[in-house]
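Summary of structural features
Next come the chains, spelled out residue by residue.
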Amino acid sequence: MKLYKILIFTLLFLSAGASYAAENSEDALIQQADSAYSRGEYTKSEKLYNEIIEKNGETATLLYNLANSCYKAGNEGYARLYLERAKRLDPSNEKINNNLDYLSTRINDANKAELKGKKGSVTPDEPGFFGKVKQSVAVDTSSNAWAEMAATAFILIILALAIYFFNENVRFKKIGFFSAIIFAFFSAIFIIFAEMGASQFESKDEAIMTSFKSTLKSEPAPNSKDVGFPLHRGTKFDILDTQLEPDGEIGWYKVKLNNANIGWLPAADLTVI
């Protein structure tokens, strides 16, 4: 029995030691990445942040720092990609949203310059009413926030029912009964919104151009007709369709910038958010 306890204690000790070492290792890498960024070694900091994310997974802060490193290193495509991913994790983060707005404006300006005085549109179409609702519910608010509100509403349902069942005063019983109905309605709405947010977070229907510059094609073939004008890296698209290669890998994406710019791009030019 003593040997058994010693083994258990040893395993727990080793496990705690491994966890502590892993945390120290991550902290050391983060410090190295932060220091490299502060020194202006942006390519090095980009590499280190990528290494941390590969080992420990994505967080909004790490993606934000990685995006800043990419931007400073001159790669607006991957900077936009990582900011978009950071926004999905923390949609209300002011720093992420401000940097994303700034970068989007720069990329739009670069695309406008390609028009060279010709008529054309480089900005996404303005969403309709339902599109704006979806943006507010599923993009600008996290599913976790909706889930927390649903849990709060559920607790209020329990309290309202307690008032209804355990209070002899008719007036209070009515208040408890109708309050429970109202809280149940809001709880259901918040659950639906949470599911919408989770679905948007997991979706693979948006992509960023990470190649330097590319032009949409009318068909999924290199020699097909060009659609529109060259677009710069960092341009964001909605994915409409895919074209598979004989080996089963995606070779082309049919994408949409706006109603005037719909076409095909090689998969190598894009990275899904």
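Scroll up a little and you will see the structure.
Cut-offs used in this document
- Residues numbered from 1 in each chain as written.
- Predicted model: local features only at pLDDT ≥ 70, side-chain atom pairs only at ≥ 80, totals over all residues.
- Heavy atoms only, no water.
- Salt bridge = Lys/Arg side-chain N within 4 Å of Asp/Glu carboxyl O.
- Helix = DSSP H or I, 4+ residues; strand = E, 2+ residues; numbered from the N terminus.
- Buried < 20%, exposed > 50% of the residue type's maximum accessible area, 1.4 Å probe, protein only.
- Contact = heavy atoms within 4.5 Å.
- Polar contact = N/O pair within 3.5 Å; in protein donor to acceptor, adjacent residues only side chain to side chain.

All right, on to the pattern of salt bridges then. In this structure the tally under the stated criterion is 11 salt bridges. Between Glu114 and Lys213 there is a salt bridge, with the nearest N and O atoms lying 2.9 Å from each other. In this pair, Glu114 is assigned in helix H5 (residues 94-115) and Lys213 in strand S2 (residues 213-217), connecting sequence segments 99 residues apart. One salt bridge connects Lys236 with Glu206, and the closest N-O pair in it is separated by 3.6 Å. On the criterion of sequence distance, the pair formed by Lys236 in strand S4 (residues 236-244) and Glu206 in strand S1 (residues 206-209) is long-range, its members being 30 residues apart. Given a relative accessible area of 24%, Lys236 falls into the partly exposed group.

What follows concerns the environment of Asp34. Looking at the element boundaries, Asp34 is found in helix H1 (residues 2-38). Residues Asp34 and Asn98, spaced 64 residues apart in sequence, show a C-alpha to C-alpha distance of 21 Å. Dropping the residues within four chain positions of it, Asp34 is found in contact with Tyr49 and Asn65. A distance of 2.3 Å separates the side chain of Asp34 from the side chain of Tyr49, its partner in a polar contact.

Note that every value here comes from positions in space, so none of it alone points to a role or purpose.
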